[in-house]
Amino acid sequence: MIAHPKILLAILISWFCGFFFFVYSIPSKVEDPTTITDAIVVLTGGGDRIKTGVTLLEQGLSKKLFISGVKKGVNFDILMNRQNIEKEIWQENISQTQLGYLAHNTEQNAQETSDWVKQQGSIQSLRLVTADYHINRSLLEFGRAFPTLKIIPHPVVSLKGPHGFVNYYIMIAEYHKFLFAWVKINGSYLIENFIP
């Protein structure tokens, strides 16, 4: 059975409006670059995420750095070389850095970080470092994993603006992942409170 054209049009318009607001909500800068937190958490991926985390640690914005989602077989030296981090800077901060190898997606990043936080015992605030387009979904997952912790988003600008087809393709894919995460996290609440 084919859906009514008006229904299809309404769905299409809703999708475009949602995508527009999603793109508009992607931060173009770090709103709070100076607050010191108990830990810095970096979610692995493209761009300068890890280098940014090490730089923040070097600047004294925290005394602990956790890098979540590292591929098996990748060690500190490999990360240093891939991110073009100066050896002296890396060696100065390596004792304050831990690598997590269990996460393969954002939900698992939050769980892996949660397990790490429990081991640390005294963390009340996090600075969350990831790509700009990924920050909103990350905050959803980390907000569920850490309902009482203060989380400061630290987006690494990479895709904001008209950078071409490939980047917009990534934005569209991330938009769909964000919608799925939002429904997964908020769906049961909506059903319980708004559906008779």
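Above this text sits the structure in question.
Residues numbered from 1 in each chain as written. Predicted model: local features only at pLDDT ≥ 70, side-chain atom pairs only at ≥ 80, totals over all residues. Heavy atoms only, no water.

With respect to the overall build of the chain
Phase 1 of the analysis: Of the regular secondary structure elements, the chain holds 7 helices and 5 strands.
Phase 2 of the analysis: For the chain, the α and β elements follow one another from N to C terminus as α-β-α-β-α-α-β-α-β-α-β-α.
Phase 3 of the analysis: Contacts in the chain between residues far apart in sequence, at least 24 positions, make up 77% of those at least 6 positions apart.
Phase 4 of the analysis: Here the chain has roughly 11700 Å² of accessible surface; of this, 61% comes from carbon and sulfur atoms. (Helix = DSSP H or I, 4+ residues; strand = E, 2+ residues; numbered from the N terminus. Contact = heavy atoms within 4.5 Å. Areas by Shrake-Rupley, 256 points an atom, 1.4 Å probe, with all protein chains shown as cover.)

A closer look at a negative patch on the surface
Phase 1 of the analysis: Taken together, the side chains of Glu58, Glu86, Glu88 and Glu92 make up a negatively charged region of the molecular surface.
Phase 2 of the analysis: Looking at the element boundaries, Glu58 is found in helix α2 (residues 49–58).
Phase 3 of the analysis: The partly exposed category is assigned to Glu58, whose relative accessible area is 37%. (Patch = residues over 30% accessible without salt bridge, like charges linked within 9 Å, V, L, I, M, F, W, Y side chains within 5 Å. Salt bridge = Lys/Arg side-chain N within 4 Å of Asp/Glu carboxyl O. Lys, Arg positive; Asp, Glu negative; His and termini not counted. Charge placed at Lys NZ, Arg CZ, Asp CG, Glu CD. Buried < 20%, exposed > 50% of the residue type's maximum accessible area, 1.4 Å probe, protein only.)

What to know about the nonpolar core
Phase 1 of the analysis: Ile40, Val42, Ile50, Leu65, Ile67, Leu79 and Trp90 are the most contacted members of the largest nonpolar core, which has 18 residues in total.
Phase 2 of the analysis: Contributions of two or more residues to this core are made by β1 (39–43), α2, β2 (65–68) and α3 (76–82).
Phase 3 of the analysis: At 4 residues, the largest contribution of residues to this core is made by α2.
Phase 4 of the analysis: What Val42 contacts, discounting residues up to four positions off in sequence, is Arg49, Ile50, Gly53, Leu65, Phe66, Ile67, Ser68 and Val129. (Core = buried A, V, L, I, M, F, W, Y, C linked by side-chain atoms within 4.5 Å.)

Some words on the layout of surface pockets
Here the idea is plain: a probe the size of a water molecule rolls over the atoms and shows the empty space left.
Phase 1 of the analysis: Taken as a whole, the largest pocket encloses approximately 610 Å³ of empty space.
Phase 2 of the analysis: Taken together, 28 residues line the largest pocket, and the ones lying closest to its centre are Thr44, Gly45, Arg49, Gly69 and His104.
Phase 3 of the analysis: When residues of the lining of the largest pocket are traced back to their parent elements, those giving at least two are α2, α3, α5 (106–120), α6 (135–145) and α7 (165–194).
Phase 4 of the analysis: Of all the elements, α7 adds the most residues to the lining of the largest pocket, at 7 residues.
Phase 5 of the analysis: Residues that form the lining of the largest pocket fall into these classes: 10 nonpolar, 9 polar and 9 charged. (1 Å grid on protein atoms, 1.4 Å probe; cavity = no way out; pocket = protein on both sides within 12 Å on 5 of 7 lines; lining within 4 Å. Points joined across faces, edges and corners; volume = space filled by probe spheres on them. Nonpolar A, V, L, I, M, F, W, Y, C, P; charged D, E, K, R; others polar.)

Side note on helix α1 (residues 5–25)
Phase 1 of the analysis: When the terminal C-alpha atoms of α1 are compared, their 30 Å separation across 21 residues agrees well with the 30 Å that a helix rising 1.5 Å per residue should span.
Phase 2 of the analysis: Where α1 is concerned, the buried positions are Phe19, Phe22 and Val23. Looking down the long axis of α1, one finds its buried residues gathered within 95° of arc, a one-sided arrangement. Counted as exposed and oriented over 90 degrees from the buried face of α1: Lys6, Phe20, Phe21 and Tyr24. (Expected span 1.5 Å × (residues − 1). Arc of directions from axis to C-beta.)

Some remarks on α5
Phase 1 of the analysis: The terminal C-alpha atoms of α5 lie 21 Å apart, and with 15 residues this matches the ideal 21 Å at 1.5 Å per residue to within 8%.
Phase 2 of the analysis: Those residues of α5 that fall on the buried side of the exposure criterion are Thr106, Asn109, Ala110, Glu112, Thr113, Ser114, Trp116 and Val117.
Phase 3 of the analysis: Among the structural elements, β1, β2, β3 (97–99), β4 (125–131) and α6 are those in contact with the buried residues of α5.
Phase 4 of the analysis: Two or three places before Glu107, at the opening of α5, Asn105 has a side-chain oxygen 3.2 Å from that residue's backbone nitrogen.
Phase 5 of the analysis: Gly121 lies just past α5 and shows a positive phi near 85°. (Polar contact = N/O pair within 3.5 Å; in protein donor to acceptor, adjacent residues only side chain to side chain.)

Describing the pairing of β1
Phase 1 of the analysis: Counting buried positions over the 5 residues of β1 gives 5, a clear majority of the element.
Phase 2 of the analysis: On β1, burial covers both faces: Ala39, Val41 and Leu43 on one face and Ile40 and Val42 on the other are all buried.

Comments concerning the pattern of salt bridges
Phase 1 of the analysis: Following the criterion strictly, the structure yields 5 salt bridges and no others.
Phase 2 of the analysis: Through salt bridges with shared partners, a single ionic network connects Glu107, Glu141, Arg144 and Lys184.

Section: the pairing of β2
Phase 1 of the analysis: Residue alternation in β2 divides its side chains into two sets, Leu65 and Ile67 and Phe66 and Ser68, and both sets are buried.
Phase 2 of the analysis: Examined bridge by bridge, β1 and β2 share 4 bridges and lie parallel to one another. Looking at β2, one finds that Leu43 is bridged to Ser68.
Phase 3 of the analysis: As for the winding sense of the linkage, the β-α-β connection from β1 through α2 to β2 is right-handed.
Phase 4 of the analysis: Here β2 pairs with β3 via 3 bridges, running parallel. When the sheet's bridge partners are listed, Phe66 is paired in β3 with Gln98. (Pairing = 2+ DSSP bridges. Right-handed = clockwise from strand over helix to strand, strands pointing away.)

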